[in-house]
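# Breakdown of the fold
Here's the letter readout for the chains.
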Amino acid sequence: MATLQTPPGASEAGAGAGAAPGGTAPAAAGLPLAGGGGSISGARSLRRMGRAITANRKATAGTVLLVLFIFVALFPGLIAHDDPQAQIYPRGLTPNAQHWLGTTSFGQDLFAQVIYGTRPVLLIAFGVGLLATVVAMLIGVAAAYLGGGWDGTLNVITDVLLVIPLFPLLIIIGSYLHGAGTAVMIAVIAATGWSYTARQLRAQALSLRNRDFLNAAKVRGERRLYVICVEIIPTMTSLLVAAFLTNALYAVLFSSSLQFIGLGDPNVTSWGTMLYWAENNEAFQTGLPLWIIVPGLCIVTLGAAFALLNYAFDEIGNPALRPVRSMRARTTRLAAVNTPVARRRPRVKRTD
Amino acid sequence: MSSAPTEGFQRSGPAGRTGNVLEVRDLSVEYIMERGTVLAVDEVSFDLAPGEFIGIVGESGCGKSTLLFAIAQLLTPPAAITGGSVTFLGRNMVGLTDRELAAVRWKDLSVVMQSAMNALNPVKSIGSQFDDAMRAHGVTSKVQIAERSAEVLRMVGIDPIHLKSYPHQLSGGMRQRSMIAMAMLFTPDLVIMDEPTSALDVVAQRSLMVQIKELQEELGFAIIFVTHDMSLVSHFSDRLMVMYGGVVAEFGATRRVFDTPLHPYSVGLLEAFPSIRGPRVPLTGIPGSPPNLASIPPGCRFAPRCPKVMARCEVEPPPLYEVDGTLVRCFLHAGEERGND
Amino acid sequence: MRYVLRRLGFFALTLWVALTLNFALPRLMPGNPALAILGKFRGGISPQAVKVLEAQFGVGTHQNLIAQYFSYLGNVARLRFGSSLTTQPGASVGRIVFDAIPWTLGLVGLTTVLAFILGTGIGIVSAWWRGGRMDSLLPPVFVIMTVIPYFWIGLVLILIFGVKLKVLPYFFSYNFSLTPGFNAAFIGNVAEHAILPAFTLLITTIGVWILTMRNTMITTLAEDYVRMARAKGLPSHRIMLDYAARNAILPNLTGFAMSLGFVVGGAILIEEVFNYQGVGYLLLQAVNNEDYPLMQALFLLITVAVLVAILISDIATAILDPRTRAAG
């Protein structure tokens, strides 16, 4: 199951995949594969995913939001006309025509800050998403495919990293570094956070190990690396996408939390740092609630976009989770309990 | 083994005017999904007399398991019964809620599933699973429960000490037999079995079948036995039903169907099982694959694969014809009396 | 039994890794962070404490790395974490930490357990009553609940209940004008101060449990043994609890343990926002003051706490699932 949202569940024994924070269930039911297994190429499964996305409402909502954020991050100048750092305006204004969200205690335009703050956040999200997923994939697939001693060692490393409380660790590292800029943050969060998704990917790779198309490759004499890269990984496309989304979500939440405590780069305008300044300037007490509310809402919305997409992927991968379509007659609420009876559509009987 | 069940666990006899344990009429089941509906069972009808053993055979996907669960009212969405009736001991069960069915369940009708490893709750001991079935039907005395549990286990040849065991601690054969023992708790009128032997090896299969037949002869319940293994069930069943593509292809006394199959599909099935004693003949399978139930072709469902297909078969779906007491859905036998369709 | 022993071994390993991280990290950073600090505070700490600090950070000793490592481990074993550099200069880190533990245990511990129980219950019920409009509406709501940053929701709640409505207090764990004691007034005050932080933690963590439980329940409900339970004519509450929930909860217990790391993170932030003097608040103060000995000790404490919680949930799993006992 591309279920990377839930807290890790299932035993370490592998076939049930572990899960990540913030979402759906552990894969107790086994893992549906992108493209249904066999030698379906990555391209076909992407196309199938595309179709599935447009069909699912959650996926569409998530995608729309994400595209919106990406646009804002790429072209902030088109939307906000002020320099976010410029402290040239009157301080502490409430929203008005020139300043849609008002100004901060330093005299900066809040709206500009929010808009320009999108880019660093998305950079971190995508950066960690990619980096952590790649690491997780390499380690997870290698562990599953190489098996034996390698598997054991990699597993122990993964499990230990899973158990060590990551946020305190990040705090300590951030403290030693006296604050972290965007690049450092990406590196540090990715280096500590890959373990959740590594477990998932390993579990799916394990379930693929003995499938026929892999045995066929082995019989053809392909090398191990080839098999890993060309046969296994494309089949795991949907799980990889889900891993990316999970890691991106986790990056957004953690980086903003770190920035909020003051361990980010104070010179970068990002939603997290905005919240840091807001809290330090007693935004609530001085009547500037928007300074806190708006950046936070942005974090929630971006996070929701990732989370909805992830959840939608769960449903696409595991049809049992989809909303149960209500049938005529007394089915709906008691569907889990009683045998459904539906009125049958009349069939046209052919007479000849 | 006692020949009469303990007090309180005796069977209530078949009610209803006709005396039949089960009467299925035009039962249809569809899988209702976003992409469309799949007709899994199409107007199947048959009767079951007390103590009778009916075997239902067919390929994977022919609808036999769906039919079974529809009879027991154990379907889950997206499957739904879309027509027909299932009259058990004089009462139509279609449309009743689980609560209304509870009185009949297990007491008069019990179920044996394919894999005991999946059908038994892994976190409860065997004994406690017997226990909750009995408590659900009003048996509260611990002594009675213990006695009856031990009794049914002995019936299937398992030492009652295993009441304390968990399913994963028993061997496959023992698990399967304890599931059958559980089905015997109230000496029901009808036991339906969904491929209970498929998960076992050949030797265990045979011994389980013998055990089931012995229990049936002693306790007198009726059996509906679904399997894909025609030769296995044909040694034990009274009547045999061959299903194909969701409809009944042939239905009659086992010996007749087995020795002289009338439907080309049944012929093909039987020829696929080599006889261990007879002359060596080349194996013939049935070419092609089962119909796509999401879009059923007009005419006979077997037409694309039938070696004896006629022009008529591809246009008009054949009704059931009766030939000497056997029902067969094939135009080859048109001109005989029309069976109940 | 063997199962428990294996887990204990794993925990010992993790603890060792945490200790080694504590040892290695400051030495890996550009410029030893402790140097500057020790220079600043050398005057106010006892010589014994200085020695401990030197072992921790490798400053000013003539031992090689390995020897430093072992003397560091030795100090930890004797619970000698040195002195705090700033909180109460000279005071033993152990004492400071010890004072903060009960607050966090009370707030975070109780709330987490409550969130888990409530969340699991809601998850079970929401999976059981499927179908209908609720089914497509609720899960996205729960999903969104899981992405709300802990600290932000805390701030919003402060805005609503503390600043605007002025109904609940949101600063510190109790009103400092009162003297601590086991009397009604004090306890009532503590409870009052705990409402907002506890509620914040509850909202943010409960979503995960609900979704997890719901999804495992849905999967479990499709299992054959649930169908068999229906076939036996068991009453539906018994099927829901005894057959479905009892099996569905097993992967969630493991999940509970694993996501404790996140609960800890959230607790830290919430304590910060509400100035609640628990372990998390202390950690952040230590970070702000560059009080490294205190930071390291807190990190170890949090790790140990998480490990203990995981051990408890593992034992619970072993009790509930006879198969783990057999696997050993």
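Refer to the preceding data block for the structure.
Residues numbered from 1 in each chain as written. Chains lettered and ligands numbered in written order. Predicted model: local features only at pLDDT ≥ 70, side-chain atom pairs only at ≥ 80, totals over all residues.

### A look at the overall build of chain C
- Looking only at helices and strands, chain C features 14 helices and zero strands.
- Relative to its full complement of 328 residues, chain C shows a buried share of 50%.
- In chain C, of all internal contacts separated by at least 6 residues, the share reaching a separation of at least 24 is 73%. (Helix = DSSP H or I, 4+ residues; strand = E, 2+ residues; numbered from the N terminus. Buried ≥ 20, exposed ≤ 12 C-beta atoms within 10 Å, placed from the backbone. Contact = placed C-beta atoms within 7 Å.)

### Observations concerning the overall build of chain A
- Tallying secondary structure elements over chain A gives 14 helices and zero strands in all.
- Mapped in sequence order, the helices and strands of chain A form the string α-α-α-α-α-α-α-α-α-α-α-α-α-α.
- Each of the 352 residues in chain A was classed as buried or not, and the buried ones make up 54%.
- Of the contacts formed within chain A by residues at least 6 apart in sequence, a portion of 66% connects residues at least 24 apart.

### Considerations on the pairing of strand β8 (residues 222–227) of chain B
Residues and elements named next belong to chain B.
- β8 sits mainly inside the fold: six of its six residues count as buried.
- Side chains of β8 alternate between two faces, with Ala222, Ile224 and Val226 and Ile223, Phe225 and Thr227 buried alike.
- Bridge analysis of strand β3 (residues 53–57) against β8 gives five bridges, and the strand direction is parallel. Bridging across to β8, Ile56 finds its partner in Val226.
- Two elements, strand β7 (residues 190–194) and β8, share five bridges in a ladder whose sense is parallel. Each bridged residue has a counterpart across the sheet, and for Val191 the counterpart in β8 is Ile223. (Pairing = 2+ DSSP bridges.)

### What to know about the packing of helix α4 (residues 126–136) of chain B against helix α5 (residues 142–155) of chain B
Residue and element names in this part refer to chain B.
- For the pair α4 and α5, the least separation of the axes is 10 Å and the interaxial angle reads 120°. Looking at the two axes, α4 sits oblique to α5. Every pair of crossing elements has a handedness; the one defined by α4 and α5 is right-handed. Contacts from Gly127, Phe130, Asp131 and Met134 in α4 reach Ile145, Arg148 and Ser149 in α5.
- Among the residues forming the contact of α4 with α5, the class breakdown is three nonpolar, two polar and two charged. (Axes fitted to C-alpha atoms, helices over the stretch in contact; angles between N-to-C directions. Parallel < 35°, antiparallel > 145°, perpendicular 65-115°, else oblique. Left-handed = near helix turned anticlockwise from the far one by under 90°. Nonpolar A, V, L, I, M, F, W, Y, C, P; charged D, E, K, R; others polar.)

### Some points on the sheet that holds strand β1 (residues 22–33) of chain B
All names here are of chain B.
- Taken in spatial order, the four strands line up as β2-β1-β4-β5 in an open sheet, and their pairing is antiparallel. Edge positions in the sheet fall to β2 (36–48) and β5 (91–92), since each of these pairs with one other strand and no more.
- Note: β1 against strand β4 (residues 79–88), eight bridges, orientation antiparallel. Bridging across to β4, Val24 finds its partner in Val86.

### A closer look at the environment of Leu166(A)
- Here Leu166(A) is to be found in helix α7 (residues 166–176).
- Remark: the alpha-carbon pair of Leu166(A) and Phe254(A), spanning 88 residues in sequence, is separated by 9.5 Å.

### What to know about the nonpolar core
- Counting residues in hydrophobic clusters, the biggest one holds 281 residues, and the most contacted among them are Leu170(A), Val242(B), Leu283(C) and Leu298(C).
- Non-local contacts of Val242(B), meaning those with residues more than four positions away in its chain, are made with Val57(B), Gly58(B), Ala249(B), Glu250(B), Val257(B), His263(B), Tyr265(B), Ser266(B) and Leu269(B). (Core = buried A, V, L, I, M, F, W, Y, C linked by C-beta atoms within 7 Å.)

### Quick word on the pairing of strand β6 (residues 109–112) of chain B
Residues and elements named next belong to chain B.
- Covered by surrounding structure in β6 are Leu109 and Val111 together with Ser110 and Val112, the residues of both alternating faces.
- Of the pairings in the sheet, the one linking β6 to β7 comprises four bridges and is parallel in character. Note that in β7 the partner of Val111 across the bridge is Ile192.

### What to know about helix α8 (residues 182–193) of chain A
- Under the 1.5 Å per step criterion, the end-to-end length of α8(A) is 16 Å for 12 residues, consistent within 8% with the ideal 16 Å.
- Turning to α8(A), its buried residues number three or more, namely Met185(A), Ile186(A), Val188(A), Ile189(A), Ala190(A) and Gly193(A). (Expected span 1.5 Å × (residues − 1).)

### Considerations on the environment of Thr76(B)
Residues and elements named next belong to chain B.
- Along the chain, the position of Thr76 falls in the loop between α1 (64–71) and β4.
- The exposure class of Thr76 is partly exposed, given the 19 C-beta atoms found within 10 Å.
- For the pair Thr76 and Tyr31, spaced 45 residues apart in the sequence, the C-alpha separation amounts to 9.6 Å.

### Some thoughts on helix α7 (residues 202–219) of chain B
All names here are of chain B.
- Compared with an ideal rise of 1.5 Å per residue, which puts 18 residues at 26 Å, α7 spans 26 Å between its outermost C-alpha atoms and is within 8% of the ideal.
- Taken as a whole, α7 has its buried residues at Met209, Ile212 and Leu215. Buried residues of α7, seen end-on, are gathered within an arc of 125° and therefore sit on one face of the element. Looking at α7, the residues exposed on the side facing more than 90 degrees away from the buried face are Val203, Val210 and Glu217.
- The inward-facing, buried residues of α7 abut α5, α6 (172–183) and α8 (230–234). (Arc of directions from axis to C-beta.)

### Things to note about the packing of helix α5 (residues 93–128) of chain C against helix α12 (residues 279–289) of chain C
Residue and element names in this part refer to chain C.
- Contact geometry of α5 with α12 gives a least axis separation of 7 Å together with a crossing angle of 130°. Classified by the angle between their axes, α5 and α12 sit oblique to one another. Residues Ala100, Ile101 and Thr104 of α5 touch α12, and the partners they reach there are Val279, Gly280 and Leu282.
- The residue inventory of the contact of α5 with α12, partitioned by class, reads four nonpolar, two polar and no charged.

### Some remarks on the environment of Ser195(A)
Residue and element names in this part refer to chain A.
- Along the polypeptide, Ser195 turns up in helix α9 (residues 195–209).
- Along the chain, Ser195 and Val114 lie 81 residues apart, while their C-alpha atoms are 32 Å from each other.
- The contacts of Ser195, once residues within four sequence positions are left out, are Thr158, Leu161 and Leu162.

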